[in-house]
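Descriptive analysis of the structure
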Amino acid sequence: MRVRYVLSEVLTGLWRNVTMTIAMIITMTVSLTMLGASLLLFFQVGKMEDFFYQRVEVSIFLKVDVTDEQRNNIKSALEGNALVKKVEYESKEDAWKRFQTQFRDAPDLVQATKPESLPESFRVKLKDPNTVSTFSDEVRTQDGISEIVDQQQLLKRVFDLLGALQTLALTVAIVQGAAALLLVANTIQVAAYSKRREVAVMKLVGASNWFIQMPFVLEAVFAGLIGAILGFGTLVAAKVFIIDGSLKALASVLLPVDWSNIWLMLPILAGAGGLVSAITAWITLRFYVRV
């Protein structure tokens, strides 16, 4: 009987303040979607770091006037270095073929570039990507080297940008979450005020605070759970239509987002939306509304 009464009061309260309920659900949806997106971005950045850092190469470009002796000395020094896992030599012809492949969508650039303008180089893969600085210091003294390019530094700039986007998404989620919590608190206050006479009667007949507050708390939990479900649906739609759809061509660079991470967002968002809404409603009733 008590359960039926509580549920009926929840439905009545949601319908009585339907406009504010919809606004609360929309705000929760936006904030939880941003929270889920920031968490997915966090997982994805970590996955990309592990993937690309294990494939980092050091490019050692040779001078235009490098001699055969200098080239052979550099090759011997690289192959004999304890930090090196693999060494590949790239001639000017090989560099020209790779350049044509990489920039095949820019024919004007390919035509303007001459094969002799591309330097020969050694592509070095290290046993431990974190030893790049030590390795560079060891080989930099070799004659005939023009430039040493560390791909790890280039990747670091990319991941710094992704980290900034992650922080931005999390910041937006926090701001939206704060707005949602304020709206939850305001909705609960309005609902409690509209039922102040019923609450007073229930207090007179000896109803406990828990029993009086439960319908209001469940209203907030309902809005939080609906917002979490809609937020999860938004993430699924983004996965299907954007990540696996329009951005599918970039999967080799961005790496695919695992469905396991997407499904993990459902309990996280539901827990965050429901629990935070319940706590907010309980605190509001306890400190701002006298019941």
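Residues numbered from 1 in each chain as written. Predicted model: local features only at pLDDT ≥ 70, side-chain atom pairs only at ≥ 80, totals over all residues. Heavy atoms only, no water.

Note on placement: Ser59 falls in strand S1 (residues 57–62). With relative accessibility at 3%, the residue Ser59 sits in the buried group. In this structure the C-alpha to C-alpha distance between Ser59 and Phe122, which are 63 residues apart in sequence, comes to 5.9 Å. Sequence-distant contacts of Ser59, defined by excluding residues within four places in its chain, comprise Phe122, Arg123, Glu147, Ile148, Val149 and Gln151. Looking at Ser59, its side chain comes within polar contact range of the side chain of Arg123, at 2.6 Å. (Helix = DSSP H or I, 4+ residues; strand = E, 2+ residues; numbered from the N terminus. Buried < 20%, exposed > 50% of the residue type's maximum accessible area, 1.4 Å probe, protein only. Contact = heavy atoms within 4.5 Å. Polar contact = N/O pair within 3.5 Å; in protein donor to acceptor, adjacent residues only side chain to side chain.)

Before going further, it helps to spend a moment on the pattern of salt bridges. Under the definition given, this model contains five salt bridges. One salt bridge in this structure joins Arg71 and Glu120, with 2.9 Å as the shortest N-O distance. Pair noted here: Arg71 is in helix H3 (residues 68–79) and Glu120 is in the loop between helix H5 (107–112) and strand S3 (121–126), with a separation of 49 residues, a long-range link. According to the relative accessible area criterion, Arg71 is buried, its value standing at 17%. Residue Arg123 pairs with Glu90 through a salt bridge whose shortest N-O separation is 2.9 Å. One end of the pair, Arg123, is in strand S3; the other, Glu90, is in strand S2 (residues 84–90), and 33 residues separate them in sequence. Taken as a pair, Arg123 and Glu90 share a single burial class, namely buried. (Salt bridge = Lys/Arg side-chain N within 4 Å of Asp/Glu carboxyl O.)

Once that is clear, we can look at the sheet that holds S1. Strand order in the open sheet made by the four strands is S2-S3-S1-S4, with antiparallel pairing throughout. Either end of the sheet is taken by a strand with one partner, and the two such strands are S2 and strand S4 (145–150). Strand-to-strand, the axes of this sheet are offset by a mean angle of 20°, without reference to chain direction. In this sheet, S4 lies alongside S1 in antiparallel orientation, the contact comprising five bridges. Bridge pairing in S4 links Phe61 to Glu147. Packing of H3 onto the sheet brings it into contact with S1, S2, S3 and S4, and relative to S3 it is tilted by some 5°. Where helix H4 (residues 92–102) meets the sheet, it contacts S2 and S3, and its direction lies at approximately 90° from that of S2. (Pairing = 2+ DSSP bridges. Axes fitted to C-alpha atoms, helices over the stretch in contact; angles between N-to-C directions.)

In this section: the UniProt feature "transmembrane region" (unreviewed entry) in the chain. Per the UniProt record, the feature "transmembrane region" (unreviewed entry) sits at residues 21–43, 168–193, 214–242 and 262–285. Between the end C-alpha atoms of residues 21–43 the distance is 33 Å, and the span holds 100% helix and 0% strand. Between the end C-alpha atoms of residues 262–285 there is a gap of 35 Å, over a span that is 100% helix and 0% strand. (UniProt positions renumbered as here; feature names shortened; annotations may be inferred.)

What follows is about the environment of Thr141. With respect to the secondary-structure elements, Thr141 resides in the loop between helix H6 (132–139) and S4. With relative accessibility at 62%, the residue Thr141 sits in the exposed group. In the structure, Thr141 is positioned 67 residues away from Ile74 in sequence and 9.8 Å away in space, judged by C-alpha atoms.

Burial analysis of S1 places five of its six residues in the buried class, which makes it a mostly covered element. Bridge count between S1 and S3: five bridges; the pairing is antiparallel. Bridging from a neighbouring strand, Phe61 pairs with Ser121 of S3.

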